[in-house]
Amino acid sequence: MNDLLQRITINPEQCAGRPCIRGMRIRVTDVLELFAAGLSAEQILKEFPDLEPEDIQACLSFAARKLDHPVVVRETLA
């Protein structure tokens, strides 16, 4: 899994610091938005010929890790 996540790069000088794939100007959000629009992994690879299947897996892993954070719920005493 860490090998996949190494494909995601963050550079403040590129794409305003948004996570990109392997230093290219293809953002993780670009790939995720195409999935959300209904494209398959194969279609995304055709849209971005510089991408590799592992890049798509890396985007999904990165997004899953970013969303998986603990949520603290405080109960109020009545």
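Residues numbered from 1 in each chain as written. Predicted model: local features only at pLDDT ≥ 70, side-chain atom pairs only at ≥ 80, totals over all residues. Heavy atoms only, no water.

Participant: In this structure, what is going on with the packing of helix α2 (residues 28-36) against helix α4 (residues 53-67)? I would like to understand it.
Facilitator: When two helices pack together, you describe them by how their axes are tilted relative to each other and by the distance separating the axes. At a minimum axis distance of 10 Å, the contact between α2 and α4 shows a crossing angle of 95 degrees. Put simply, α2 runs roughly perpendicular to α4. Facing α2, whose interface residues are Val28, Val31, Leu32 and Phe35, α4 presents Ile56, Cys59, Leu60, Phe62 and Ala63. Of the residues contributing to the contact of α2 with α4, the split by class is nine nonpolar, no polar and no charged. (Axes fitted to C-alpha atoms, helices over the stretch in contact; angles between N-to-C directions. Helix = DSSP H or I, 4+ residues; strand = E, 2+ residues; numbered from the N terminus. Parallel < 35°, antiparallel > 145°, perpendicular 65-115°, else oblique. Contact = heavy atoms within 4.5 Å. Nonpolar A, V, L, I, M, F, W, Y, C, P; charged D, E, K, R; others polar.)

Participant: What exactly am I supposed to notice about α4 here?
Facilitator: In an α-helix, one turn spans 3.6 residues; hence positions three or four apart end up facing the same way. Taking 1.5 Å as the rise per residue, α4 with 15 residues should run 21 Å; its terminal C-alpha atoms sit 22 Å apart, in good agreement. Looking at α4, one finds that the buried residues are Asp55, Ile56, Ala58, Cys59, Ser61, Phe62 and Ala63. In this structure, the buried side of α4 is in contact with α1 (2-5), β1 (8-9), β2 (20-21), α2 and α3 (41-47). (Expected span 1.5 Å × (residues − 1). Buried < 20%, exposed > 50% of the residue type's maximum accessible area, 1.4 Å probe, protein only.)

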